[in-house]
Every structure is written in C-alpha cells, then in structure tokens.
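# Notes for the structure review
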Amino acid sequence: MIREGVKKIININFFFFMFIAFVFQLFSLDSSTSPRILGYESGDLHLKGLVFLFIIITGELSKNVLQREKTSKRLEWFLGNGCSLHRLFISYSMIQYIASILVMAPSWIWILFKDKITWVPMINTSIQCFLLTLSINLYILQTKNMKKFHRISLKFIILYIFTMFLEFGMIHIIKDYRAVFLVSILFFLGILFSYSHISLEDVITSYY
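Residues numbered from 1 in each chain as written. Predicted model: local features only at pLDDT ≥ 70, side-chain atom pairs only at ≥ 80, totals over all residues. Heavy atoms only, no water.

### Digging into the side chain of Ser 93
Among the secondary structure elements, Ser 93 is positioned in helix 6 (residues 85-114). Among the polar contacts made by the side chain of Ser 93, one reaches the side chain of Asn 137 at a distance of 3.0 Å. In this structure Ser 93 touches Thr 133, Leu 134 and Asn 137, once residues within four positions along its chain are discounted. (Helix = DSSP H or I, 4+ residues; strand = E, 2+ residues; numbered from the N terminus. Polar contact = N/O pair within 3.5 Å; in protein donor to acceptor, adjacent residues only side chain to side chain. Contact = heavy atoms within 4.5 Å.)

### Here's the deal with the pattern of salt bridges
On inspection of all chains with the given rule, the structure shows four salt bridges. The salt bridge partner of Glu 167 is Lys 48, with a shortest N-O separation of 2.6 Å. One end of the pair, Glu 167, is in helix 8 (residues 152-174); the other, Lys 48, is in helix 3 (residues 42-61), and 119 residues separate them in sequence. The class for Glu 167 is buried, based on a relative accessible area of 0%. When the shortest N-O distance is used, the salt bridge between Arg 74 and Glu 69 registers 3.2 Å. By relative accessible area, Arg 74 is classed as partly exposed at 35%. Here the salt bridges do not stand alone but share partners, grouping Lys 144, Glu 201 and Asp 202 into one network. (Salt bridge = Lys/Arg side-chain N within 4 Å of Asp/Glu carboxyl O. Buried < 20%, exposed > 50% of the residue type's maximum accessible area, 1.4 Å probe, protein only.)

### Here we look at the packing of aromatic side chains
Here the distance between the centres and the angle between the planes together describe a pair of aromatic rings. Taken as a whole and judged by the stated rule, the model has seven aromatic pairs. For the pair Phe 52 and Tyr 160, a centre-to-centre distance of 5.3 Å together with 80° between the ring planes defines the contact as edge-to-face. Of this pair, Phe 52 sits in helix 3 while Tyr 160 sits in helix 8, and the two are 108 residues apart along the sequence. Each ring, one from Tyr 97 and one from Phe 130, has its centre 5.1 Å from the other, and the planes form 80°; the classification is edge-to-face. On the criterion of sequence distance, the pair formed by Tyr 97 in helix 6 and Phe 130 in helix 7 (residues 119-142) is long-range, its members being 33 residues apart. Since its relative accessible area comes to 25%, Phe 130 is described here as partly exposed. (Phe/Tyr/Trp six-rings, centres within 6.5 Å; stacked < 30°, edge-to-face > 60°.)

Shown next as structure tokens:
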C-alpha cells in the first residue's frame, strides 16, 4: 500500500517541487557570513527553512493522497472491509512522509555538505518533519468541512513557528541543544492525545 501510494505521487508536480526546493537552497545565505539568530547557527536556520518548505510540500501532496481518499469515500471502503484506522493513519502518513523526503532529498544533501551540519539537528529535523506529517494527516482525518483544507499549510506553519520559540526557550533554560528533543516529545504526546479523541464519523464524513 505504501509503495503504490508513493508511486502515485511521483508525477510532474513532484519533480517541480523538488526543483523549487533545491533552487531555494542554492540561493540561501552563506553560512560562513550569516549571523546567529535567536541562538541558532546559520546551518540550523537553513534546516528550519527546509521544514517550512516541507510543510508546504506535504500540504500540497496531501491533495493527491489522504484528501482525495477521504472525499472519494475510499477511506470508508477500507474501514468497511476490515482495515483498522490505526493502519490507515500510519500508512498514509508514511506515504506522504517518504514522498516529501524524496522531494527534499537534494536540498538536504546540499545543506549537509555546504554547512557541515552535525547529525543532531539533522535527526531532530527528520523527527519534526515526521511529526508534522502525522499532524497534517490527523487534521485531515478529523476535518469534515473540506473547505478548511485550503489553508492547511498556513495553519501548520504557524504551529511550527510556535515550536521554534518553544525550542529557543528550552535551549536557553537547559543550556543544551539536545533540549530540542523535548519539544518533539511534547509534540508527539499532543498527537497521541488528539488521535485518542478521533471518531470514525469524523473520518468518513466530508462535505464542502
């Protein structure tokens, strides 16, 4: 299911997003001359910029994945044929995450070698991208009014800005960059809480 889902996403738009993301990084500021902002090094800020792009791309790709499956009543068909909501949620999240990571791969590789970023911020960024994918899909499953999807990327960009300020506070309180993982843990707990309150009626109902 995951392999077939990723294949469906790989089209002309997929490669267009990949090109735009890579061009964005090519014209980004040189890390050797860029100042520190809010305690973040330039390389870390480049990763943050990639996450913003990731949110936009994942929001767009979701139109051809979970949003389409919900409006076409395919999710209802899966659930009616014995597929669990947990399996659907994880499968569609993995489809979007893998597809979005493939889109961003050239940009990630470019930043890794250009800014000589350590593995800690890279791992944290990967975790945050996966958590954002889970959050976006959870929002889609819980939303009945399909018109609300038009601003889905903007809503999660605002959410990510909030997590950035939370990270900044954690780093300055604990005095260790690894404190950012605490934010990811809190983020994950929030996802678990929201998932525990989702109903099948929310999942199968959609209208404009």
